[in-house]
Amino acid sequence: MSRIGKQPIEIPNGVNVTLTEGNTVTVKGPKGELTQSFHPDIKIAVEGNVIHVTRPDDEKQHRALHGLTRSLVANMVHGVVEEFKKELEINGVGYRAAKQGTKVTFNLGYSHPVIVEEVPGITLDVPAPNKIIIHGPDKQQVGQFAAELREKRPPEPYKGKGIKYIDEVIHRKEGKAGKGGKK
């Protein structure tokens, strides 16, 4: 049995979980509402304030879907209670970000500023000119948006300039070493 899949999911106070036909789960909480459909073979049951995920047999696909489904439902419950967040850091001389309303303007060494708008369900905070915090209830959406922001100027290995995750380690390379010219 899947060690992750067989664990029950506790439903905190203030969270409403609804199951509909087609194996669709809707989770409503103080931070938002998430809806997702799951494979019809995996059974999801709400009993009191606990969610149980079960599989019909030990077929390879069902074993794989068991733990996945349980993790996705647990992330939905966690996301509507306390949001997921990703922190990005901007390194480089003159590289910075500024928020104006729902838009964030980045100066990343290009000839033009890069302007990014907030997506519904995602909130951007800029507490400092070189720090960006992305948060929202959907873990996948937060991670995808953070990856797209990082792609605007990925960190380079020589000077470390660019946008990186706050806990990311950039392996630095040494530049060309001069050999002492021939005469």
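Up top you'll find the structure we're talking about.
All of these numbers come straight from a predicted model, not from anything done at the bench.

A few words now on the overall build of the protein chain. Across its full length, the protein chain holds two helices and 13 strands. Taken over the C-alpha trace, the protein chain has a radius of gyration of 22 Å; the compact-globule value for 183 residues is 16 Å, which it surpasses by more than 25%. Considered along the principal axes of its C-alpha atoms, the protein chain spans approximately 80 × 45 × 25 Å. Considering the protein chain as a whole, with its 183 residues, one finds that 34% of them fall into the buried category. Looking at the protein chain alone, contacts between residues at least 24 apart form 49% of all its contacts between residues at least 6 apart. Charged side chains of the protein chain number 28 positive and 22 negative; the gap between the two group centres comes to 13 Å.

Take the side chain of Thr-26 next. If you trace the backbone, Thr-26 turns up in strand β3 (residues 24-29). Thr-26 sits in the buried class, given a relative accessible area of 12%. One polar contact links Thr-26 to Thr-35, side chain to side chain, over a distance of 3.5 Å. Dropping the residues within four chain positions of it, Thr-26 is found in contact with Asn-16, Val-17, Thr-18, Glu-33, Leu-34 and Thr-35.

This paragraph deals with helix α1 (residues 60-81). Here α1 spans 33 Å end to end across 22 residues, near enough to the 32 Å set by a 1.5 Å rise per residue. Of all the positions in α1, only His-62, Leu-65, His-66, Gly-67, Thr-69, Arg-70, Val-73, Ala-74, Met-76, Val-77, Gly-79 and Val-80 are classed as buried.

Here we take up the environment of Pro-113. Looking at the element boundaries, Pro-113 is found in the loop between β9 (103-107) and β10 (114-117). A C-alpha to C-alpha distance of 28 Å links Pro-113 and Lys-139, two positions 26 residues apart in sequence. Not counting the four nearest positions on each side in its chain, Pro-113 is found in contact with Thr-105, Phe-106 and Asn-107.

A few words on the nonpolar core. Grouped together as the largest cluster of nonpolar side chains are 18 residues, with contacts concentrated most on Ile-90, Phe-106, Ile-132, Ile-134 and Leu-149. Contributing elements (two or more residues each) for this core: β7 (84-91), β9, β10, β12 (131-136) and α2 (139-150). At four residues, the largest contribution of residues to this core is made by α2. Ignoring anything within four residues of it in the chain, the contact list for Ile-90 reads Tyr-95, Arg-96, Ala-97, Phe-106, Leu-108, Pro-129, Asn-130, Ile-132, Gly-162 and Ile-163. Ranked by size, the runner-up nonpolar core spans 15 residues in total, among them Ile-11, Phe-38, Val-73 and Val-77.

What counts and how
Residues numbered from 1 in each chain as written. Predicted model: local features only at pLDDT ≥ 70, side-chain atom pairs only at ≥ 80, totals over all residues. Heavy atoms only, no water. Helix = DSSP H or I, 4+ residues; strand = E, 2+ residues; numbered from the N terminus. Rg over C-alpha atoms; globule rule 2.2 N^0.38 Å. Buried < 20%, exposed > 50% of the residue type's maximum accessible area, 1.4 Å probe, protein only. Contact = heavy atoms within 4.5 Å. Lys, Arg positive; Asp, Glu negative; His and termini not counted. Charge placed at Lys NZ, Arg CZ, Asp CG, Glu CD. Polar contact = N/O pair within 3.5 Å; in protein donor to acceptor, adjacent residues only side chain to side chain. Expected span 1.5 Å × (residues − 1). Core = buried A, V, L, I, M, F, W, Y, C linked by side-chain atoms within 4.5 Å.

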